[in-house]
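# Descriptive structure summary
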Amino acid sequence: MSLFKISGGTVYDPVQGLDGVVTDVWIRDGRIIQPPSDPSVRPDRTLDATGLVGMPGGIDMHCHIAGSKVN
């Protein structure tokens, strides 16, 4: 059971009501989970996301979907 924490990123998630909130995201076995309530729980790995933006969807925000050669 792998526990991973992305710490300090600015998170935008309209479904969860997060609009630019600096917070941590916890992931267990590839799924986002609630932060552990036990303060002694430590992640196996941590990624410092300070200054970075996190949002659901895994979409590259810079895409040329309808460029001049596509229409």
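First, a word on what this report is: a plain description of the structure on this page. (Residues numbered from 1 in each chain as written. Predicted model: local features only at pLDDT ≥ 70, side-chain atom pairs only at ≥ 80, totals over all residues. Heavy atoms only, no water.)

It is worth spelling out the overall build of the protein chain at this point. Looking only at helices and strands, one finds zero helices and five strands in the protein chain. Along the protein chain, helices and strands appear, N-terminal first, in the series β-β-β-β-β. Expressed as a percentage of its 71 residues, the buried residues of the protein chain come to 15%. Taking contacts inside the protein chain between residues at least 6 apart in sequence as the whole, the part at least 24 apart equals 52%. Total accessible area computed for the protein chain in this model is approximately 5,900 Å², and 55% of it derives from carbon and sulfur atoms. (Helix = DSSP H or I, 4+ residues; strand = E, 2+ residues; numbered from the N terminus. Buried < 20%, exposed > 50% of the residue type's maximum accessible area, 1.4 Å probe, protein only. Contact = heavy atoms within 4.5 Å. Areas by Shrake-Rupley, 256 points an atom, 1.4 Å probe, with all protein chains shown as cover.)

Two side chains of opposite charge can pair, provided their charged atoms sit close to one another. According to the stated counting rule, one finds one salt bridge in the structure shown. The shortest N-O distance in the salt bridge between lysine 5 and aspartate 24 comes to 3.9 Å. One end of the pair, lysine 5, is in strand 1 (residues 3-13); the other, aspartate 24, is in strand 2 (residues 18-28), and 19 residues separate them in sequence. In this structure aspartate 24 comes out as partly exposed when scored by relative accessible area, which is 33%. (Salt bridge = Lys/Arg side-chain N within 4 Å of Asp/Glu carboxyl O.)

Turning to unusual backbone geometry, a few remarks are in order. The backbone of aspartate 29 sits at a positive phi, close to 50°, despite the residue not being glycine. By the secondary structure assignment, aspartate 29 is in the loop between strand 2 and strand 3 (31-33).

Nonpolar side chains collect at one region of the surface, where Tyr12, Val53 and Met55 lie side by side and expose about 270 Å² of accessible area between them. Within the secondary structure, valine 53 sits in strand 5 (residues 53-54). The class for valine 53 is exposed, based on a relative accessible area of 52%. (Patch = residues over 30% accessible without salt bridge, like charges linked within 9 Å, V, L, I, M, F, W, Y side chains within 5 Å.)

Turning our eyes to something else, we now look at the environment of glycine 57. Within the fold, glycine 57 resides in the segment after strand 5. Counting along the chain gives 44 residues from glycine 57 to aspartate 13, while the straight-line C-alpha distance between them is 9.7 Å.

Before going further, it helps to examine the side chain of lysine 5. Accessibility expressed as a relative area gives 18% for lysine 5, which makes it buried. Sequence-distant contacts of lysine 5, defined by excluding residues within four places in its chain, comprise Asp24, Val25, Trp26, Pro43, Arg45, Thr46 and Leu47.

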